[in-house]
Amino acid sequence: MSKKVTKAIFPVAGMGTRFLPATKSVPKEIMTLVDRPLVQYAIDEARAAGIKEFIFVTSRGKGALEDYFDHAPQLEAELRRKGKDKLLEILQSTDMDSGEVAYMRQHRALGLGHAVWCARRLIHDEPFAVILPDDVIAAEKPCLQQMVEAYEETGGNMVAAMEVPPEKASAYGVLDVREDMGSMVSVKGMVEKPAAGTAPSNLAVIGRYILSSNIFNNLNSLEEGAGGEIQLTDAIAKEIDGEGVYGYRFRGQRYDCGSKAGFLQATVAFGLEREELRDDLEGFLQEIMASRKAAE
Ligand code: G1P
């Protein structure tokens, strides 16, 4: 039986330039889908999977993230005074207890592998999860929980995987499959951002990982990979002949909230999930689509 996964790393040091000018003063992870910041979805998913320690790898200008997880006594007192119990409950559900959350600075933007490596001293020799908050996954059973359950059987290293159209594969880490077992594949190779037409499959890595602490040894050399960055994919690939690597085809809908189109799609989809918004939003979408059609 594998060791329990109780720690997760959230790499949130990216500058979010695709969302400028918004990200000039607001960290991308604080941008909201309906009324919850991107990072809250990641935290909720981690908690559901049994994560007890939340490690954020941040950078300059991410102070709003730390404030977001802090208690807000003044705001709480105000809501209590006004009897707004529901809002108070929502607010308190975002608090992090002391000792539950840690922040680590990535001083230079050297890539995802480097960001993860920055947290090495907080992990020691335990398996750990990595969640990229840009990848928001709507699922009946949260994605990381599905993976933790699968990992309890396999051990090793596990990455979330999803089929993507071949022409999109070069935007991802891509798996070379040794054996396809349905919801799980064993991996014989991994390539970060393969050049067009060279991807070993159309099975792409999505931003959820369960990794062994060996990964830190593999990252110690700080070798540059695709795009001149220190790539997490390369460090995981080194475990193929070690503790093994599995891809897990999760059940759920993934939104690429690192892109504007994905962010808008997630906003609409999550809005439609909300009972109090559904009718208005649905009516609006039908109307706007009909009037666009009529104008064609
Ligand atoms: C990162 C990883 C890549 C993975 C992707 C998933 O890339 O390096 O392997 O497929 O996340 O979203 P990024 O999107 O940060 O360039």
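Preceding this paragraph is the structure being described.
In what follows, the accompanying structure is described. A quick note: this is a predicted structure, and the numbers were derived from the prediction, not measured.

### A few points about the overall build of the protein
- The number of helices and strands found in the protein is eleven helices and 13 strands.
- Expected size for 296 residues packed as a compact globule is a radius of gyration near 19 Å; at 20 Å, the protein falls within 12% of this value.
- The principal-axis extent of the C-alpha atoms belonging to the protein is close to 60 × 55 × 35 Å.
- Within the protein, buried positions represent 46% of all 296 residues.
- Within the protein, contacts between residues at least 6 apart in sequence are counted, and of these 75% link residues at least 24 apart.
- When the accessible surface of the protein is split by element, carbon and sulfur atoms take 50% of a total near 15400 Å².

### A few points about the environment of Ile30
- Within the secondary structure layout, Ile30 lies in the loop between β1 (7-11) and β2 (32-33).
- In sequence terms Ile30 and Ile55 are 25 residues apart; their C-alpha atoms lie 16 Å from each other.

### Remarks on the side chain of Glu192
- Mapped onto the elements of the fold, Glu192 is located in strand β10 (residues 184-192).
- Polar contacts involving the side chain of Glu192 include one to the side chain of Lys193, which spans 3.0 Å.
- Separated by 2.5 Å, the side chains of Glu192 and Thr233 make a polar contact.
- With sequence-adjacent residues up to four places away left out, Glu192 is seen in contact with Tyr172, Gly173, Ala226, Gln231, Thr233 and Asp234.

### What about the packing of helix α3 (residues 73-81) against helix α4 (residues 85-92)?
- One can describe the packing of α3 onto α4 by two numbers: an axis separation of 8 Å at closest approach and a directional angle of 160°. Taken together, the axis directions place α3 and α4 in an arrangement best described as roughly antiparallel. The crossing of α3 and α4 is left-handed. Residues Leu75, Glu76, Leu79 and Arg80 of α3 form the contact with α4, whose participating residues are Leu87, Leu88, Leu91 and Gln92.
- The class makeup of the residues in the contact of α3 with α4 is five nonpolar, one polar and two charged.

### Focus on the pairing of β10
- The element β10 is extensively covered by neighbouring structure, given that seven of its nine residues are classed as buried.
- Direction of pairing for strand β9 (residues 173-180) relative to β10: antiparallel, over a ladder of seven bridges. Paired with Gly173 across the strands is Glu192, a residue of β10.
- In this antiparallel pair of consecutive strands, β9 and β10, the connection spans three residues, and Gly182 shows a positive phi of 95°.
- One ladder, built from three bridges, connects β10 with strand β12 (residues 245-249); its direction is antiparallel. Bridging from a neighbouring strand, Ser186 pairs with Tyr246 of β12.

### Details of the pairing of strand β11 (residues 203-211)
- Among the nine residues in β11, nine count as buried, and that is most of the element.
- Sheet topology note: the strand β6 (residues 128-131)/β11 ladder contains four bridges and is antiparallel. The residue bridging Ile131 from the neighbouring strand is Arg208, located in β11.
- The pairing of strand β8 (residues 157-163) with β11 spans six bridges and is classified as antiparallel. Residue pairing in the sheet places Met158 in a bridge with Ile210 of β11.

### Let's talk about the site of the ligand
- Taken together, 13 residues are adjacent to the ligand, and Asp135, Gly173, Glu192, Lys193 and Val205 come closest.
- At 2.8 Å, a side-chain N or O of Asp135 approaches an oxygen atom of the ligand.
- Here an oxygen atom of the ligand and a backbone polar atom of Val205 are 2.6 Å apart.
- Burial of the ligand by the protein chains amounts to 74% of its free accessible area of 380 Å².
- Per-element tally for the shell around the ligand: the top contributor is β11, with three residues.
- Of the residues belonging to the shell around the ligand, the class tally is five nonpolar, four polar and four charged.

The rules we used
- Residues numbered from 1 in each chain as written.
- Predicted model: local features only at pLDDT ≥ 70, side-chain atom pairs only at ≥ 80, totals over all residues.
- Heavy atoms only, no water.
- Helix = DSSP H or I, 4+ residues; strand = E, 2+ residues; numbered from the N terminus.
- Rg over C-alpha atoms; globule rule 2.2 N^0.38 Å.
- Buried < 20%, exposed > 50% of the residue type's maximum accessible area, 1.4 Å probe, protein only.
- Contact = heavy atoms within 4.5 Å.
- Areas by Shrake-Rupley, 256 points an atom, 1.4 Å probe, with all protein chains shown as cover.
- Polar contact = N/O pair within 3.5 Å; in protein donor to acceptor, adjacent residues only side chain to side chain.
- Axes fitted to C-alpha atoms, helices over the stretch in contact; angles between N-to-C directions.
- Parallel < 35°, antiparallel > 145°, perpendicular 65-115°, else oblique.
- Left-handed = near helix turned anticlockwise from the far one by under 90°.
- Nonpolar A, V, L, I, M, F, W, Y, C, P; charged D, E, K, R; others polar.
- Pairing = 2+ DSSP bridges.
- Near = heavy atom within 4 Å.

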